[in-house]
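# Report on the structure
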Amino acid sequence: MSFPLSRKVLFGALALAFAMAMPAYAQQKSVAITAIVEHPALDSVRDGVKEALAAAGYEDGKNLKWQYQSAQGNTGTAAQIARKFVGDKADVIVAIATPSAQAVAAATKDIPLVFSAVTDPVVAKLVPSMQPSGTNVTGVSDALELGKQVELIKRVVPAAKRVGIVYNPGEANSVVVVEQLRELLPKHGLSLVEAAAPRSVDVGSAARSLIGKADVFYTSTDNNVVSAYEALVKVGMDAKIPLVAADTDSVARGAVAAYGMDYKALGVQTGEIVVRILKGEKPGAIASETSNKLSLQVNPAAAQKQGIGNPPMSLYTLLGALEIGLIFSLVALGVYISFRLLRFPDLTVDGSFPLGGAVAATMIAAGHDPFTATIAATLAGAIAGLITGWLNVSLKIMDLLASILMMIALYSINLRIMGKPNVPLITEPTVFNLLQPEALADYVFRPLLLVFVVLAVKLALDGFFATQSGLAIRATGSNARMARAQGVNTGMAILAGMALSNALVGLAGALFAQTQGGADISMGVGTIVIGLAAVIVGESLLPSRKLYLATIAVIVGAIVYRFFIALALNSDFIGLQAQDLNLVTAVLVTVALVVPRLRAHWSGKRVS
C-alpha cells in the first residue's frame with residue numbers, strides 16, 4: 001500500500017513529536033512528602049524541600065510530580081499515607097518528623113526515604129548511625145546542641161535556677177531532649193521541672209502547673225507544644241515567666257528569644273539530598289546530616305510582658321483549673337444532652353469544639369467583633385450537630401457512625417476555615433479583655449465571667465427542658481416508640497437536641513480559644529472523653545434524677561475533673577514524673593467514682 005507524500009510527511013511529523021515527548025515523560029520524577037502535623041516549623045521544611053527541587057530544575061507539573069499529605073496528628077493516618085505513597089511508586093518519599101518517618105520506614109525497604117526534622121534518627125531506629133546506612137534511608141536531623149540552648153537561658157534569665165519544660169511524653173523527639181536536659185542542666189547549676197501535655201489542649205494546664213516551680217520556660221520542637229504555643233505564651237504573660245524556645249518561628253508567636261534551626265534552610269538541605277537521589281545516588285550511600293544553619297531571634301515586646309512578679313502560685317493554679325473547668329462544663333452539658341437525654345452516642349464534639357475555636361479565632365483575627373464571632377461559633381457548632389442528626393434521621397445512618405463521619409469531616413473543614421493549623425489571638429481583643437475592669441487581674445476576671453456565663457446557660461437549659469419542645473427531646477431519648485405514639489416528632493427532636501448539644505460545645509471552643517490565646521487544629525482531640533468523664537464524675541458525686549440538679553452535677557463534675565488534672569500535674573512531690581499524668585488522673589477519677597459507693601455501703605444502703 002502506498003501513501004501520498006503529504007500523508008507520509010504528516011505521519012513522520014507525528015512520530016517525531018511523539019518521540020520527542022517520550023523522553024520528557026520518562027524523565028518526570030515523583031516526589032511524595034508527608035508530615036505528621038501542620039505547624040509553622042514543619043510547613044517551612046516542606047516549603048524548603050520544594051524550593052531546593054525548583055532550584056535544581058524540577059518543576060511541579062512539568063518534570064516533577066509533587067504530592068503532599070499531612071497525617072493531621074494521627075499516627076494511623078501517617079501509616080495509611082506511607083502505604084499510599086509506596087503504592088504510587090514514588091521515586092523518593094520525604095517524611096517530616098519522627099512518626100511519619102517511622103511509618104514510611106515500616107512501609108518500604110526499597111523506595112528511597114529522606115527524613116527531615118527528626119531529632120534523633122538513631123534512637124528512632126531509622127538509621128543505625130549518622131554514617132551511610134546501606135539501606136533506603138537517609139535524611140537531615142534537627143538535633144540542637146543543647147549547651148548553646150542553656151547558655152541562652154542563662155543570658156535571658158541570669159538568676160534562673162529552675163527550668164520548666166512542657167512536652168509530650170509520647171513523642172520520641174521530646175523525650176530525647178528531656179533526657180539530655182536532665183543530665184546537662186545540673187552541670188550549669190540549673191534543675192529541670194517537667195509537665196506533660198499528651199494533647200495540644202493540655203499545654204495551658206501543664207504550663208500552669210509549673211508556676212511557682214520554674215523561673216523560665218524552655219520549649220523544644222515538641223509538636224503538641226508548638227501547635228498550641230499561644231496557650232503557653234498566655235501563661236508566661238500572666239505569670240511573668242519568660243519563654244526561651246528552640247524553634248525560631250515561636251519568637252513571633254511570643255517567645256522572648258530562640259536560638260534554633262532555620263527550618264526553611266533545613267528543608268532546602270533535605271531537598272538537596274532528594275535531588276542527589278533523583279540524579280542517581282543511592283540513599284544508603286549518603287550519610288545522614290545535621291543542619292548547622294542556626295539563628296538567634298529575640299522579641300523585646302514579649303520580654304517586657306514576661307519578666308516581673310508572679311501571682312500567688314496556689315491562687316493562680318486554682319483559678320486556672322476553675323477557668324478551664326467552667327469552659328469544659330459547657331462541653332459536659334452538651335454531652336449530657338446527647339448521651340443522657342437523647343441516648344445518642346455523639347462523637348461530633350471532637351470536631352465541633354475546635355470548630356467553635358476556629359470560627360471565633362478566624363473572625364476575631366480578621367477584625368470582627370469578638371461577641372459576634374462567639375455567636376457565630378455557637379451557630380457553627382449547632383449546624384455541625386444538625387448535620388449529624390440529619391445523617392441519622394434522614395439518611396438512616398447509625399447514630400454512632402453518623403457522628404464519626406461528621407467528626408472526621410470537621411477536621412478538614414476547620415483547617416479550611418483557619419487556612420492554617422493555628423490562628424493566634426495573643427494581641428487580639430476578646431470578650432474577656434473587652435469586659436475586664438482595670439481593678440481585676442485577667443486570671444481573676446476570666447473565671448468570674450465564666451461563672452455567670454455557665455450559670456446563665458444552666459438556667460436557660462433548665463427552663464427549655466421544661467417546655468413542650470424540651471420535653472419532646474427528653475421523651476425521645478427515654479422511649480422513642482412511646483414518644484411517637486404520643487404524637488412526638490422524634491426526628492425533629494433528635495435534630496433539635498443534637499443542634500443544641502453541639503451549639504454548647506461550639507461556644508466552649510470559642511471561649512477556650514479566647515482564653516488560651518488562639519485556636520489550634522488539634523485542640524479537639526479527646527474532647528468527648530473529657531465531657532463524658534465530667535458527666536460520670538458529676539453523677540457519682542451528686543446523683544439525682546431531677547434535671548435542675550443533674551445539670552448542677554455535670555458542671556461540678558467538669559470542674560472537679562479539671563482539679564484532678566491540676567492535682568496530677570502537681571504530683572511530683574510524691575516522686576511521680578511528667579509521663580504519669582494520665583495515670584494519676586485515672587486513679588483520681590476512679591477514687592471519685594468509688595468513694596460514693598463505699599460511703600453508701602458503709603451506711604448500709606443499697607447502690608445500683
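## As for the overall build of the protein
- The number of helices and strands found in the protein is 24 helices and 14 strands.
- Burial statistics for the protein: of 608 residues in total, 55% are counted as buried.
- A separation threshold of at least 6 residues defines the contact pool for the protein, and within that pool the share at least 24 residues apart is 76%.
- About 26,000 Å² of surface is accessible on the protein, with carbon and sulfur atoms providing 61% of the total.

## Notes on unusual backbone geometry
- If you check the backbone angles, Ala117 has positive phi at about 60 degrees while not being a glycine.
- Its place among the elements puts Ala117 in strand β4 (residues 113–118).
- Despite not being glycine, Arg343 shows a phi value in the positive range, around 55 degrees.
- Of note, Arg343 is situated in the loop between α13 (313–341) and α14 (349–365).

## Some remarks on the packing of helix α15 (residues 370–393) against helix α16 (residues 399–418)
- Orientation of α15 relative to α16, taken along the N-to-C sense of each, is 140 degrees, at an axis distance of 8 Å. With respect to each other, α15 and α16 are oriented oblique. As for the relative orientation of α15 and α16, their crossing is right-handed in sense. Seen from α15, the contacting residues are Ala384, Ile387, Thr388, Leu391 and Asn392; seen from α16, they are Asp399, Ala402, Ser403, Met406 and Leu410.

## Things to note about the packing of aromatic side chains
- This model, assessed by the stated rule, comprises 4 aromatic pairs.
- Both rings, one in Phe328 and one in Phe512, keep their centres 5.8 Å apart while their planes meet at 70 degrees; by these two values the pair is edge-to-face. Here Phe328, found in helix α13, pairs with Phe512, found in helix α21 (residues 490–516); they are 184 residues apart in sequence, far enough to count as distant.
- Here Phe353 and Phe512 contribute two aromatic rings whose centre-to-centre distance is 5.6 Å and whose plane-to-plane angle is 50 degrees, an arrangement assigned as tilted. In this pair, Phe353 is assigned in helix α14 and Phe512 in helix α21, connecting sequence segments 159 residues apart.
- The buried category is assigned to Phe353, whose relative accessible area is 0%.
- Within the aromatic cluster, the residues linked to one another by ring pairs are Phe328, Phe353 and Phe512.

## Some points on a nonpolar patch on the surface
- Judged by side-chain polarity, Leu541, Leu542, Tyr548, Leu549 and Ile552 come together as a nonpolar surface patch covering roughly 390 Å² of accessible area.
- No other element matches the 3 residues that helix α23 (residues 547–569) contributes to the nonpolar patch.
- Locating Ile552 in the fold gives a position in helix α23.

## Describing the side chain of Gln514
- Note on placement: Gln514 falls in helix α21.
- For Gln514, a relative accessible area of 4% gives the class buried.
- A polar contact is formed between the side chain of Gln514 and the backbone nitrogen of Val431, at a distance of 3.0 Å.
- Within polar-contact distance, the side chain of Gln514 engages the backbone oxygen of Ala510 at 3.1 Å.

## With respect to the environment of Gly87
- Secondary-structure assignment places Gly87 in helix α3 (residues 75–87).
- Gly87 gets classed as exposed once you look at its relative accessible area, which sits at 54%.

## A word on the nonpolar core
- If you look at the biggest cluster of nonpolar residues, it comprises 74 residues, and the most contacted ones within it are Phe328, Phe353 and Leu511.
- The element that contributes the greatest number of residues to this core is α13, accounting for 13 residues.
- Setting aside residues no more than four positions away along its own chain, Phe353 makes contact with Phe328, Val331, Val505, Ala508, Gly509, Phe512, Met523, Gly524 and Thr527.
- Grouped together as the second largest cluster of nonpolar side chains are 73 residues, Val31, Ala35, Val92 and Leu144 included.

## Some words on the pattern of salt bridges
- Counted according to the given criterion, the structure contains 17 salt bridges.
- As a salt-bridge pair, Asp215 and Arg162 come within 3.0 Å of each other at their nearest N and O atoms. Taken as a pair, Asp215 in the loop between α7 (203–208) and β8 (216–219) and Arg162 in strand β6 (residues 162–167) lie far apart in primary sequence, 53 residues in all.
- Exposure remark for Asp215: the relative accessible area of 24% places this residue in the partly exposed category.
- Of the charged contacts in the structure, one is a salt bridge between Lys234 and Asp238, with a shortest N-O distance of 3.4 Å. In this pair, Lys234 and Asp238 both sit in helix α9 (residues 229–239), 4 residues apart, roughly one turn of the helix.
- Given a relative accessible area of 14%, Lys234 falls into the buried group.
- Taken together, the salt bridges that share partners define one network made up of Arg208, Lys234, Asp238, Glu323 and Arg446.

## Some remarks on helix α18 (residues 442–464)
- Taking 1.5 Å per residue as the helical rise, α18 with its 23 residues ought to reach 33 Å, and the 33 Å between its terminal C-alpha atoms agrees with that figure.
- Taken as a whole, α18 has its buried residues at Tyr443, Phe445, Arg446, Pro447, Leu449, Leu450, Val454, Val457, Lys458, Leu461 and Asp462.

## Notes on the sheet that holds strand β2 (residues 64–70)
- Here 6 strands make up an open sheet; going across it, the order is β2-β1-β3-β4-β5-β11 and the pairing parallel. This sheet does not close on itself; its edge strands, each paired only once, are β2 and β11 (289–290).
- Bridging between β4 and strand β5 (residues 137–141) involves 5 bridges; their strand directions are parallel. Bridging across to β5, Val118 finds its partner in Ser141.

## A look at the confidence of the model for the protein
- A residue-level look at the protein finds 88% of positions with pLDDT of 70 or above and a mean pLDDT of 86.
- Predicted confidence is poor over residues 18–26, with pLDDT under 50, and the contacts of this stretch with residues over four places away or in other chains come to 0 contacts.
- Note on residues 308–313: pLDDT is under 50 here. Beyond four places in sequence and across chains, it has 13 contacts.

## What about the sheet that holds β8?
- Spatial strand order, β7-β6-β8-β9-β10-β12: 6 strands in an open sheet with mixed pairing. Of all strands in the sheet, those bounded by a partner on one side alone are β7 (191–196) and β12 (294–298). With strand direction ignored, the average angle separating the axes of adjacent strands in the sheet is 20 degrees.
- As defined by bridge partners, strand β10 (residues 257–261) adjoins β12 across 5 bridges and the pair is classed as antiparallel. Looking at β12, one finds that Tyr259 is bridged to Leu296.

## Describing the environment of Leu549
- Of note, Leu549 is situated in helix α23.
- In sequence terms Leu549 and Glu539 are 10 residues apart; their C-alpha atoms lie 9.7 Å from each other.

Rules used throughout
Residues numbered from 1 in each chain as written. Predicted model: local features only at pLDDT ≥ 70, side-chain atom pairs only at ≥ 80, totals over all residues. Heavy atoms only, no water. Helix = DSSP H or I, 4+ residues; strand = E, 2+ residues; numbered from the N terminus. Buried < 20%, exposed > 50% of the residue type's maximum accessible area, 1.4 Å probe, protein only. Contact = heavy atoms within 4.5 Å. Areas by Shrake-Rupley, 256 points an atom, 1.4 Å probe, with all protein chains shown as cover. Axes fitted to C-alpha atoms, helices over the stretch in contact; angles between N-to-C directions. Parallel < 35°, antiparallel > 145°, perpendicular 65-115°, else oblique. Left-handed = near helix turned anticlockwise from the far one by under 90°. Phe/Tyr/Trp six-rings, centres within 6.5 Å; stacked < 30°, edge-to-face > 60°. Patch = residues over 30% accessible without salt bridge, like charges linked within 9 Å, V, L, I, M, F, W, Y side chains within 5 Å. Salt bridge = Lys/Arg side-chain N within 4 Å of Asp/Glu carboxyl O. Polar contact = N/O pair within 3.5 Å; in protein donor to acceptor, adjacent residues only side chain to side chain. Core = buried A, V, L, I, M, F, W, Y, C linked by side-chain atoms within 4.5 Å. Expected span 1.5 Å × (residues − 1). Pairing = 2+ DSSP bridges. pLDDT = per-residue confidence, 0-100.

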